[in-house]
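Working through the structure, step by step
Chain by chain, the residues run as shown.
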Amino acid sequence: MTNPPFAGDNPEIGLLRQYELARKDGGKLRNNVDRHILFIERTLDMIRPGGRLAIVLPQGVLNNTNMEYIREWLFNKARILAVVGLHGNTFKPHTGTKTSVLFLQKWGGEAGEPLKDYSIFMAVSKKGGKDNSGDYIYKKDAKGNYATDGKGRRVLDHDLDEVAEVFIKFAKEQKFSF
């Protein structure tokens, strides 16, 4: 599981030559490549065939038309298990960048050979557990008292536990393990 840095480009030609994602269709190097794009390739290189990866990415990587080459590259390298859009306040106060968590399984090993068509779990978190300032929001009971867990700690008001439960059900139906 990883959360790469989103800021900055990496224009060093010597470094860019080491990455498939730094090349255009004709093989020519791109002038600039965002570091998080290079991070996707390097982290997938580091896991074994059949290995899994969860990576936090700006939503633009998954949505923008100019990033389609990245999605195509991903489909050839890994099975996309899930995409979970995170609430805009998730990483506040540090950043308000809209992000998603991309769950992948590298082709090969127990993942088998690349499939042409398969289901992908998609979800969007509507409650991130933080307000617009980045301060935590906690669940309250009907009387307005903070809800606590078994250890007496306040419980964050988020919906990621529910997203995880639905994903687990989906994974069992798709018969892939995690």
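Nothing here was measured: the structure is a model prediction, and the numbers come from that model.

Cut-off values and rules
Residues numbered from 1 in each chain as written. Predicted model: local features only at pLDDT ≥ 70, side-chain atom pairs only at ≥ 80, totals over all residues. Heavy atoms only, no water. Helix = DSSP H or I, 4+ residues; strand = E, 2+ residues; numbered from the N terminus. Contact = heavy atoms within 4.5 Å. Polar contact = N/O pair within 3.5 Å; in protein donor to acceptor, adjacent residues only side chain to side chain. Core = buried A, V, L, I, M, F, W, Y, C linked by side-chain atoms within 4.5 Å. Buried < 20%, exposed > 50% of the residue type's maximum accessible area, 1.4 Å probe, protein only. Pairing = 2+ DSSP bridges.

Tracing the backbone through its elements, the reader meets Thr-97 in the loop between strand 2 (78–85) and strand 3 (99–106). The spacing of Thr-97 and Leu-86 is eleven residues in sequence and 9.8 Å in space, taken between C-alpha atoms. In contact with Thr-97, not counting residues within four places along its chain, are Phe-6 and Pro-58. A polar atom in the side chain of Thr-97 sits 2.8 Å from the side chain of Thr-95.

Below, the discussion takes up the nonpolar core. Core analysis: the biggest nonpolar cluster contains 28 residues, and Ile-37, Ile-40, Leu-44, Ile-70, Leu-74, Leu-102 and Leu-104 have the highest contact counts within it. Those elements giving two or more residues to this core turn out to be helix 2 (35–46), strand 1 (52–58), helix 3 (60–63), helix 4 (68–77), strand 2 and strand 3. The biggest single contributor to this core is helix 2, with four residues. Discounting residues that sit within four places of it in the chain, Leu-102 has contacts with Leu-53, Ala-54, Ile-55, Leu-57, Leu-62, Leu-74, Ile-80, Ala-82 and Val-83. Counting residues in hydrophobic clusters, the runner-up holds 14 residues, among them Val-56, Val-84, Ala-171 and Phe-176.

All right, on to the pairing of strand 1 then. With six of seven residues buried, strand 1 is to be regarded as a mostly interior element. Taken together, the seven bridges between strand 1 and strand 3 define a ladder with antiparallel strand orientation. Paired with Leu-57 across the two strands is Ser-100, which belongs to strand 3.

Geometric descriptors of this kind do not, in isolation, establish any biological role.
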